[in-house]
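Structural description and commentary
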Amino acid sequence: MTGTPRTLAEELRTRTDRGLVGLLRARPDLLNPVPGDVTQLATRAGTRASVVRAVERLDRFVLQTAEALAVAPDPCPYDTLGALMGGDAGDPAVAAELPRAVAELRAQALVWGPDERLRLVRTARELLTPSAAHPSPTGLGPTVAEAMAGMSPGLLQEIIAAAGLPTTHDPVTAVASLTALFSDRARMAALLDTAPAESVAVLDKLLWGPPYGGVTDRPAPHLQWLLDRGLLIPAGARNVVLPREAALHLRGGRAHHTPEPVPPALSPATERDPQLVDNAAANQAFTALATVEELLKEWDLGGPAVLRAGGMSVRDLKRTATALDTTEQLAAFWLELAYAAGLIASDGEADERFAATPAAEEWLQLPDHERWAALAAGWLAATRAPGIVGTADAKGRALAALGPHLDRSPAPEVRRRALGLLATLPPGTAVPATAVLARLQWERPLRGGAPAAGQAPAAADGATTAPGADPADDLRSRLAHWTLTEAELLGVTGRGALSTHGRTLLDTASDSTAPTPAETTAAAARAAALLAPLLPEPVDHVLLQADLTAVAPGPLRRPLAEALGVLADIESKGGATVYRFTPGSVRRALDAGRSAAELQEFLATHSRTQVPQPLGYLIDDVARKHGQLRIGAAAAYVRCDDDALLSEILADRRAAALRLRRLAPTVLAAQTSPDQLLDGLRAMGYAPAAESAAGDVLIARADSYRTPPRTAPAPVPDGPPSPDPTLLAAAVRAIRAGDLAATAERKPVHAPAPAAPGALPRTTSAETLATMQAAVLTNSALWIGYVNADGAASQRVIAPVRVEGGFVTAYDHTSDEVRTYPLHRITGVAELADDSV
């Protein structure tokens, strides 16, 4: 096609396949479904939903360029756009970056036309053009023509006369004359030189927006001076507006107060030793593993109940925070981290509660670096945002940890981009979080938050304006802030800088902001391999002390840590973990099936010091009492060979709540459940043991409760997925083929009346059959109209191969395959010109 394109479709038709691939990659929503031809592609690219999504993904300078085009004449020459962006004085930085901005808008089909006739697509212009209801970030108001629409011809003549212009005979020339005056720098300067100082002050207050102000029924003289000359135009009963042309003159031709062609620098930068950063990150990664492991251990016998609306109650979240020795907000993060990795879930029972999953057992057996990889991969791809736990939803209800409505689809993209910015810095370099947030806000100024233009009108007499929404409070900024905090907790960063294994975590095979789960998992595995040498080596011994404590001089090997965790309680954590032995902890080990001799041997084997005498006495003393009392289920009963011990329990006033009565000299019955009876007697200082119906002691295993198999929660996608190269190539071929069917030159169809442009061909059944048979003999291509079984009509270019039994078998140029069509679904047929295919 030659000449200047008249429509967006015509320009898209002139693009190379590579150009169409770039458009479809930047705007994947255009692929669902694949457009039938270039005209459909252009129509879909101009729909409101698609344009809004595309505009939201523009960086600040490209968006400012689009906003300038929205207030410029249509079409707009490139030089005019440059003047709007750089002002009369010009700006070298703006001039250097403007070609990139225009190229980006053109690549995304938001702008079309040559440089001398740039056109913003109609939908984008409607979105970005300023109006009273939707102010523009430029702060500009309507043009003189728009503001004076509907004004009486007499008033128009009075205004142009007061402005020193000759009167005209019609409103159109009057408006054009005033517009020319406001656009002429010299004449406009001369007019303003005669203005009272108070009038100029009013214009200064409205200069950068909002351009609307209020006036009284009897304006002050300095306001009346502006109204008389059209520098303020009535915009309602008591409102006035500063016309766009006048504002641009006062601004020196600039559409924006502060053009931002260059992104904010990531500064100030603090350089640290990369090895120290890696070590700090590794230490935090180990702490993260220990925290998640402690959470799973806390829920070994079943976690808290699931609320009817889903999630955990506030009380259970507080208990979990206390158990993990952290804040509730951080506890929500650890819960969501384990949930994203598939380690905890709800059991799905009638009395639903949370618990560890079978996958948690497998995770606990992995080496430390592989366990970290599972957590990091789940965190990086998760769309759930723990940071909003405790906030209110749209209906005012508090959002619960592990509950619904925590998904925020931009989260994975924001995480990757925030960490990607740190990856652009030299190894070991850290920058303040505010610098990262400022860069992200420049890259996606509209994504996740409202534009800063929604301000209230100013008063023409100088009243202050109401501020807009805080841009730092939008969702994207909060997600970025949480990302930096969570990355430090997880050990992806150390001391504010991205670690070596953190860089590898971001290194996926594709450059997409949304890599596949397989790519994320592979990158996490490579990162874990770098992390492995930095993690502390587990030790196989402890140091027993006479005060009934044991000191682990480092992370313990898993079997030792699990066994010691049952036998003793953790008293303090850190570089060395301190365990304390108590009667309750020893009884817990006996309940798990270990004998006193086994416990003594276990401690002697794994201690570098001798077993202290007080610890040996404690184990023997608790073991001697353990199991004297046996509790089973009748409602509940207690039996004991020592009837004197049962008499002692009956006489104890603390047992009143258990409602015990003697059934036999060695048996007591209770009106409570076995679990409540066990807890009650243990609180009184006894060491009862539960027994089965056969009279055997029940062994309580710490890992006795797990949910059925569960999968990790699937991330909620942020719009359509990024298309792969194969899909893009196939889509472009289909669009080109469909365009061929729609635009190929055809021979005239012998019909009573010519068909409208773009309409399906219409021929009789006999003409269709005869034309098909002739095409088979001559091996020529045909243009047909076809209606499928769903009633969808389309145009196709086919080369018939065989016609029989009411069907035609042909090579379809549109779909690039051989297909069979029922003749009764073909609306008509026409021969193509000889050079069309």
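Now for a look at the structure at hand. Note that the structure is predicted; figures quoted are calculated from it, not measured.

Side note on a negative patch on the surface
- A surface patch of negative charge is lined by Asp 641, Asp 642, Asp 643 and Glu 648.
- Looking at where Glu 648 falls in the secondary structure, it is placed in helix 30 (residues 643-651).

A closer look at the side chain of Thr 809
- Within the secondary structure, Thr 809 is located in strand 23 (residues 807-812).
- For Thr 809, a relative accessible area of 14% gives the class buried.

Things to note about the nonpolar core
- Grouped together as the largest cluster of nonpolar side chains are 88 residues, with contacts concentrated most on Leu 24, Leu 81, Met 148, Leu 178, Phe 182 and Leu 232.
- In terms of residue count, the dominant contributor to this core is helix 5 (residues 60-71) (eight residues).
- Discounting chain neighbours no more than four positions away, the residues touching Leu 232 are Val 202, Leu 203, Leu 206, Leu 223, Leu 226, Leu 227, Val 240, Val 241 and Leu 242.

Thoughts on the sheet that holds strand 14 (residues 569-572)
- Across the sheet, four strands lie side by side as 12-13-15-14; this open sheet has antiparallel pairing. Strands at the two margins of the open sheet, each flanked by one partner only, are strand 12 (543-545) and strand 14. Averaged over all pairs of adjacent strands, the angle between strand axes in this sheet comes to 30°, irrespective of strand direction.
- Judged from the three bridges that link them, strand 12 and strand 13 (residues 549-552) form a sheet pairing that is antiparallel. Note that in strand 13 the partner of Leu 544 across the bridge is Ala 550.

Quick look at helix 17 (residues 314-324)
- Taken residue by residue, helix 17 has Asp 316, Leu 317, Thr 320, Ala 321 and Leu 324 as its buried positions. The buried residues of helix 17 occupy an angular sector of 140° when projected down its axis, which confines them to one face. Structural note: helix 17 exposes Arg 315, Arg 319 and Thr 322 on the side pointing more than 90 degrees away from its buried face.
- Next to the buried residues of helix 17 lie helix 16 (274-298) and helix 18 (328-340).
- Among the residues trailing helix 17, Asp 325 stands out with phi positive, at a value near 55°.

Some details on the packing of aromatic side chains
- One pass over the full model with this rule turns up three aromatic pairs.
- With a centroid separation of 4.9 Å and 55° between ring planes, the pair formed by Phe 333 and Trp 334 is classed as tilted.
- Overall, the relative accessible area of 4% leaves Phe 333 in the buried class.
- Residue classification places Trp 334 among the buried positions, given a relative accessible area of 5%.
- Ring centres of Tyr 786 and Tyr 821 lie 4.9 Å apart, and the angle between their planes is 75°; on these two criteria the pair is classed as edge-to-face.

Describing the environment of Ser 136
- Take Ser 136: it is sitting in the loop between helix 8 (122-128) and helix 9 (144-147).
- It is 17 Å that separates the C-alpha atoms of Ser 136 and Val 51, two residues lying 85 residues apart in sequence.
- A distance of 2.9 Å separates polar atoms of two side chains, one belonging to Ser 136 and the other to Thr 138.

Here we look at the pattern of salt bridges
- Evaluated as defined, the whole model comprises 31 salt bridges.
- Across the pair Asp 621 and Arg 624 runs a salt bridge whose closest N-O atoms are separated by 2.5 Å. A residue pair is termed a helical-turn pair when its members lie 3 or 4 positions apart in one helix, as Asp 621 and Arg 624 do in helix 29 (residues 613-625) at three residues.
- Salt bridges sharing partners connect three or more residues here, namely Arg 57, Glu 413, Arg 444 and Arg 476.

Criteria and thresholds
Residues numbered from 1 in each chain as written. Predicted model: local features only at pLDDT ≥ 70, side-chain atom pairs only at ≥ 80, totals over all residues. Heavy atoms only, no water. Patch = residues over 30% accessible without salt bridge, like charges linked within 9 Å, V, L, I, M, F, W, Y side chains within 5 Å. Areas by Shrake-Rupley, 256 points an atom, 1.4 Å probe, with all protein chains shown as cover. Salt bridge = Lys/Arg side-chain N within 4 Å of Asp/Glu carboxyl O. Lys, Arg positive; Asp, Glu negative; His and termini not counted. Charge placed at Lys NZ, Arg CZ, Asp CG, Glu CD. Helix = DSSP H or I, 4+ residues; strand = E, 2+ residues; numbered from the N terminus. Buried < 20%, exposed > 50% of the residue type's maximum accessible area, 1.4 Å probe, protein only. Core = buried A, V, L, I, M, F, W, Y, C linked by side-chain atoms within 4.5 Å. Contact = heavy atoms within 4.5 Å. Pairing = 2+ DSSP bridges. Axes fitted to C-alpha atoms, helices over the stretch in contact; angles between N-to-C directions. Arc of directions from axis to C-beta. Phe/Tyr/Trp six-rings, centres within 6.5 Å; stacked < 30°, edge-to-face > 60°. Polar contact = N/O pair within 3.5 Å; in protein donor to acceptor, adjacent residues only side chain to side chain.

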